[in-house]
Amino acid sequence: MHPGELLSIGEFAALTRLTVKALRHYDEQGLLTPVRVDPFSSYRYYAPDQVRRATLIGTMRRMDAPLAVVREVLDLADGPEQAAEAFSAWWAAQERHHEQRRDIGRYLTRYLRSQGAAMDIRTRAVPERTLAVMSRELYQPELEPFIMEAFSTLFDHAVAHPGLRDLDTTVEQPTYVIYHGSVTPDSSALVEACVVVGPDARPAEGISIRLEPAHEEAYTSLTRDQVAFPDILDAYDAVATWVMAHGAARDDLRPREVYVDDVMRAGAEDLVCDVAFPFMPR
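These lines cover the structure that appears in this document, whether it is placed above or below. Nothing here was measured: the structure is a model prediction, and the numbers come from that model. (Residues numbered from 1 in each chain as written. Predicted model: local features only at pLDDT ≥ 70, side-chain atom pairs only at ≥ 80, totals over all residues. Heavy atoms only, no water.)

**A word on helix H2 (residues 20-28)**
Buried within H2 are the following residues: Ala22, Leu23, Tyr26 and Asp27. Along the long axis of H2, the arc covered by the buried residues comes to 140°, so they all point the same way. Those residues of H2 that are exposed and aimed more than 90 degrees away from the buried face are Lys21 and Glu28. Looking at the buried residues of H2, the elements they touch are helix H1 (9-16), strand S3 (44-46) and helix H3 (51-62). Immediately beyond the C-terminal end of H2, within one or two residues, lies glycine 30, with a positive phi of roughly 75°. (Buried < 20%, exposed > 50% of the residue type's maximum accessible area, 1.4 Å probe, protein only. Helix = DSSP H or I, 4+ residues; strand = E, 2+ residues; numbered from the N terminus. Arc of directions from axis to C-beta. Contact = heavy atoms within 4.5 Å.)

Next comes the structure, spelled out in structure tokens:
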């Protein structure tokens, strides 16, 4: 082949291990445009220096990289280090996702075999409390960032208003995450981040104030390690099963995670959270 000589689409497909159909698709997507299209025959021709780009596209698609990610890496291809960093960031996120899927798979296997972890279920009377609340309709990828942002905002509000509440999370002044439905990648639900505050609390931008009635709760306590998803699902299952056997769930108060210590500062075996269901005893 002479320098500058073009390759037919068949030759190019053989060199890049891509099908002609795939090459046409990548052309339609603007990822790999032939350097020349014959105006009469519509035959496509490629330059030899496009082989590297085509091979990169094909390999990334074999690992299910979305076209948007492929495009981002290709746009940085003139800077190899930047392109490698963009790909590495996407792949690290995929590995975290795959690890979580493996964990969910193990949970589902236990669930199907009715082998959930044994939980100590207790009950308590919760007094009427004033809550400062931030809420949002969320899908699963948005959940953790929202919770971190919401609690940061709520505690900043407490700092700005001395006497509103203590600045530590304790049994007497816990923080809640209340779920109004199952949050998944394709199903959203309302999630509330709440802190217990004094009765004189007033709403602020993005923060509402709600009086929650006194109620009975069934709950189980978890260590910092047990709070990790999806292990925490065992706790939800155990408390829900206990409530069905001993009473009825309240339809006006939703299940919640009640944090009684700072998760970030706690040790692995420290009790940090109760999974709690408000219920009506039989």
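**A closer look at the packing of helix H4 (residues 67-75) against helix H5 (residues 80-112)**
Between H4 and H5, the shortest axis-to-axis distance is 8 Å and the interhelical angle comes to 155°. Our classification of the angle between H4 and H5 gives roughly antiparallel. The chirality of how H4 crosses H5 is right-handed. Residue-level contacts link Val69, Glu72 and Val73 of H4 to Ala83, Ala86, Phe87 and Trp90 of H5. (Axes fitted to C-alpha atoms, helices over the stretch in contact; angles between N-to-C directions. Parallel < 35°, antiparallel > 145°, perpendicular 65-115°, else oblique. Left-handed = near helix turned anticlockwise from the far one by under 90°.)

**A closer look at the side chain of threonine 175**
Inspection of the secondary structure puts threonine 175 in strand S6 (residues 175-179). With near-sequence residues (within four places) excluded, threonine 175 lies in contact with Phe151, Phe155, Thr169, Cys194, Val195, Glu257, Val258 and Tyr259.

**So, the side chain of arginine 250**
Relative to the elements of secondary structure, arginine 250 occurs in the loop between strand S10 (247-249) and strand S11 (256-259). A relative accessible area of 18% means that arginine 250 is categorised as buried. A distance of 2.8 Å separates the side chain of arginine 250 from the side chain of aspartate 252, its partner in a polar contact. In this structure arginine 250 touches Pro213, Ala214, His215, Pro278, Phe279 and Met280, once residues within four positions along its chain are discounted. (Polar contact = N/O pair within 3.5 Å; in protein donor to acceptor, adjacent residues only side chain to side chain.)

**Details of unusual backbone geometry**
Across the junction of phenylalanine 229 and proline 230, the peptide omega takes the value 5°, indicating a cis bond. Looking at the secondary structure, you find proline 230 in the loop between strand S9 (215-223) and helix H7 (232-246). Backbone geometry at serine 42 places phi at a positive 65°, although glycine is not the residue there. Within the chain, aspartate 64 stands out as a residue other than glycine whose phi angle is a positive 65°. Accessibility expressed as a relative area gives 64% for aspartate 64, which makes it exposed.

**Remarks on the pairing of strand S7 (residues 189-197)**
If a strand is regular, its side chains alternate between the two faces of the sheet. With 8 of its 9 residues buried, S7 lies for the most part within the structure. With 9 bridges connecting them, strand S5 (residues 129-138) and S7 associate as antiparallel partners. Among the inter-strand pairings, methionine 134 is bridged to a residue of S7, identified as alanine 193. For S6 and S7, the ladder comprises 5 bridges, and the chain directions are antiparallel. Bridging from a neighbouring strand, tyrosine 176 pairs with cysteine 194 of S7. (Pairing = 2+ DSSP bridges.)

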